[in-house]
Amino acid sequence: MFKNFMTSKKFQSDAIKVLNFIENYLNELENFPVLSQTIPDEIKNNFPYVKPPYDGKSIEDLLEDFEKYFFRGITHWNHPGFMAYFNSTSSEAGILSEFLIAAMNLNGMLWKTSPVVTELENIVVNWLREMIGLNENFWGIIYDTASISTFHAIASAREQLNLNIRGKGIFGRNDLPKIILYCSEHAHSSIDKSAIALGIGTENVRKIKTNKKFEMIPDELLKAIENDKKSGYLPFCVVATIGTTSFASNDPIKSISEICNNFNIWLHIDAAYAGVAAILPEMKWITNGWNDAESIVINPHKWMFTPIDCSILLTKKKFVLKNAFSIVPDYLRTKEENQVNNLMDYGLQLGRRFRALKLWFVISNLGVKGIEEKIRNHIKWAKEFSEWIENHKYLKLIAPVHFSTICFQLKTNEMYTNDKINEFNLKLLDLVNSSGKIFISNTMLNNQIILRLTIGSYWQEKRHIEMAKQILNECIEKVMNN
Ligand code: PLP
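Bear in mind the structure is a predicted one, so any value in this text is a computation, not a measurement.

1. With respect to the site of the ligand
For step 1, the next point in the chain: Lining the immediate surroundings of the ligand are 13 residues, of which Ala-146, Ser-147, Thr-245, Asp-270 and Asn-299 lie closest.
For step 2, the next point in the chain: Here a nitrogen atom of the ligand sits 2.6 Å away from a polar atom, N or O, in the side chain of Asp-270.
For step 3, the next point in the chain: In the environment of the ligand, an oxygen atom lies 3.2 Å from a nitrogen or oxygen atom belonging to the side chain of Lys-302.
For step 4, the next point in the chain: Isolated, the ligand exposes 400 Å² of accessible area, and the fraction of that covered by the protein chains is 85%.
For step 5, the next point in the chain: Elements supplying a minimum of two residues to the shell around the ligand: helix H6 (146-159) and helix H11 (300-303).

The structure is reproduced here in structure tokens:
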């Protein structure tokens, strides 16, 4: 392909320096404290260059400065001890693909501004759709994050109401009904943010009660919809979650989809974290009812070893999404626009990174089998970990473990107040995280602190889970003896 293959010696030697840096980093990752030990403003205060350098610096100098001034400020997401939130890790293929993406620097705003961006996006999104087991009615697009994917889904649901919000907006109109959005009390905050951005308002987001397993109660949803209709409001969208952020619980999609169907309501499924688990044949049960949804979000940058950012929105209503956002100014008209998808028509952004390349690299390099093996191990280790908690003298399990996230709490005296319970659990959290070996996160349930440990890193091995148990035991002993 390259007839006169020439490399700039300078570029090549700089590239090797960066590659060596990355290789050493990955090899030694476990030796660094997973959670950054810096304090607010420490980086800024220690950084000596108040103004940007007028003369350029060498890549070597930049790497040196990076290590000297910035390294302390890293919380290492690729560290195998990173067990907080939901993991986001980059595999080797993911890392190297980002080199290519930057080198080509393609912008796929239009099909013609790099046909491969649009076409490969279509190919790999289809691959993922098939891997998950969804039918061909779903078309997909890559955005940066699940928050943005969900925003576009809810914007489509609003567009489907044909209220001409595109043209007339929402302010100063008395011909508009109050439109209502539904999700469970454990849905992600991105649903509220979409409600803010789309003029729905957080007061018009109904947080539907959940059962003891943190699953939305369909009867409560039905009641809320009927009440709203009686009040003259317009129920227009339900967001159900597979793998909620706090407790990794699943809303009953099948029952919810029947309700949505009866009331002609858009069903969006937030499977940002857990959706990829459906790649495993034994986890296909989580997709029960998904084909009845209008849209679904899944994040390969969470549990599919693809560097942040990469979120996929699958929708059966591609043309509603287009109606919501497409504007083609004169300077972006092309002769093939009726023949192709110009991805700028399907969202807020114009410019578009070549994210499909990293997804293609990761899926092709690991193979479906490689991805399955990793996810299967994570789920197995999480189940084992949850059994360990259930048999633990000082810990109790808080939520069922379907995926790779375990929620637990210290067993404390039943007479203790929430403040006292929280004091103990926060102490444990602090001790664990200051170990530098593992990093876990926290959430709340009924005003009590709950600890969350999530498995799901590309770089994790069973021994890291064993290490987490050991650290927890050591820290529990300190909390109990204090
Ligand atoms: N949905 C769920 C269930 C999540 O857990 C998260 C983040 O953890 C999000 C959405 C938002 O993800 P993103 O950071 O890609 O916007």
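So, next bit.
2. Here we look at the sheet that holds strand E9 (residues 405-410)
Pairing between sheet strands relies on hydrogen bonds along the backbone, with the strands arranged either parallel or antiparallel.
For step 1, the next point in the chain: Sheet architecture is open: four strands sit in the order E8-E9-E11-E10, paired in antiparallel fashion. The open sheet has two free edges, formed respectively by strand E8 (395-397) and strand E10 (441-445), since each of these has just one partner strand. Averaged over all pairs of adjacent strands, the angle between strand axes in this sheet comes to 40°, irrespective of strand direction.
For step 2, the next point in the chain: For E10 and strand E11 (residues 448-454), the ladder comprises five bridges, and the chain directions are antiparallel. Bridged to Asn-442 within E11 is Leu-451.

3. A word on the packing of H6 against helix H8 (residues 189-197)
What describes two packed helices is the angle between their axes and the distance between those same axes.
For step 1, the next point in the chain: Between H6 and H8, the least distance of the axes is 9 Å, while the angle of their chain directions is 50°. Accordingly, the angle class assigned to the pair H6 and H8 is oblique. Helix-helix and strand crossings are classified by hand; for H6 and H8 the assignment is right-handed. Two secondary-structure elements touch here, H6 through Ser-147, Thr-150, Phe-151 and Ile-154 and H8 through Ser-190, Ile-191, Ser-194 and Ala-197.
For step 2, the next point in the chain: Of the residues that constitute the contact of H6 with H8, the class distribution is four nonpolar, four polar and no charged.

4. A closer look at the side chain of Thr-405
For step 1, the next point in the chain: With respect to the helices and strands, the residue Thr-405 is situated in strand E9.
For step 2, the next point in the chain: One polar contact links Thr-405 to Tyr-273, side chain to side chain, over a distance of 3.0 Å.
For step 3, the next point in the chain: Side-chain polar atoms of Thr-405 contact the side chain of Thr-454, separated by 2.8 Å.
For step 4, the next point in the chain: When residues no more than four places from it in sequence are discounted, the contact partners of Thr-405 are Phe-86, Ala-248, Tyr-273, Arg-452, Leu-453 and Thr-454.

5. Some remarks on the nonpolar core
For step 1, the next point in the chain: Core analysis: the biggest nonpolar cluster contains 63 residues, and Trp-290 and Phe-403 have the highest contact counts within it.
For step 2, the next point in the chain: Counting residues per element, this core draws most heavily on helix H13 (residues 355-390), which supplies nine residues.
For step 3, the next point in the chain: Membership of the second largest hydrophobic core comes to 30 residues, among which are Ile-141, Ala-153, Ile-165 and Cys-183.

6. Some thoughts on a nonpolar patch on the surface
For step 1, the next point in the chain: Taken together, the side chains of Leu-19, Leu-96 and Phe-99 present a nonpolar region at the surface, about 240 Å² in accessible area.
For step 2, the next point in the chain: With respect to the secondary-structure elements, Leu-96 resides in helix H4 (residues 92-104).

7. Regarding the packing of aromatic side chains
How two aromatic rings sit relative to each other is set out by the distance from centre to centre and by the angle between their planes.
For step 1, the next point in the chain: According to the stated counting rule, one finds 27 aromatic pairs in the structure shown.
For step 2, the next point in the chain: Residues Phe-47 and Tyr-49 carry aromatic rings whose centres are separated by 5.3 Å and whose planes lie at 85° to one another, so their mutual orientation is edge-to-face.
For step 3, the next point in the chain: Both rings, one in Phe-151 and one in Phe-325, keep their centres 6.2 Å apart while their planes meet at 45°; by these two values the pair is tilted. A residue pair is termed long-range when its members are at least 10 positions apart, and Phe-151 in helix H6 and Phe-325 in helix H12 (residues 318-325) qualify at 174 residues.
For step 4, the next point in the chain: Judged by its relative accessible area of 11%, Phe-151 falls in the buried class.
For step 5, the next point in the chain: Among the aromatic side chains, those forming a connected cluster through ring pairs are Phe-21, Tyr-25, Phe-32, Phe-47, Tyr-49, Phe-66, Tyr-69, Phe-70 and Phe-71.
For step 6, the next point in the chain: The positively charged end of Lys-178 is found above the aromatic ring belonging to Tyr-233, 5.5 Å away from the centroid.
For step 7, the next point in the chain: In this structure, Lys-374 packs its charged tip against the face of Tyr-458, placed 4.4 Å from the ring centre.

Rules and cut-offs
Residues numbered from 1 in each chain as written. Predicted model: local features only at pLDDT ≥ 70, side-chain atom pairs only at ≥ 80, totals over all residues. Heavy atoms only, no water. Near = heavy atom within 4 Å. Polar contact = N/O pair within 3.5 Å; in protein donor to acceptor, adjacent residues only side chain to side chain. Areas by Shrake-Rupley, 256 points an atom, 1.4 Å probe, with all protein chains shown as cover. Helix = DSSP H or I, 4+ residues; strand = E, 2+ residues; numbered from the N terminus. Pairing = 2+ DSSP bridges. Axes fitted to C-alpha atoms, helices over the stretch in contact; angles between N-to-C directions. Parallel < 35°, antiparallel > 145°, perpendicular 65-115°, else oblique. Left-handed = near helix turned anticlockwise from the far one by under 90°. Contact = heavy atoms within 4.5 Å. Nonpolar A, V, L, I, M, F, W, Y, C, P; charged D, E, K, R; others polar. Core = buried A, V, L, I, M, F, W, Y, C linked by side-chain atoms within 4.5 Å. Buried < 20%, exposed > 50% of the residue type's maximum accessible area, 1.4 Å probe, protein only. Patch = residues over 30% accessible without salt bridge, like charges linked within 9 Å, V, L, I, M, F, W, Y side chains within 5 Å. Salt bridge = Lys/Arg side-chain N within 4 Å of Asp/Glu carboxyl O. Phe/Tyr/Trp six-rings, centres within 6.5 Å; stacked < 30°, edge-to-face > 60°. Lys NZ or Arg CZ within 6 Å of the ring centre and 35° of its normal.

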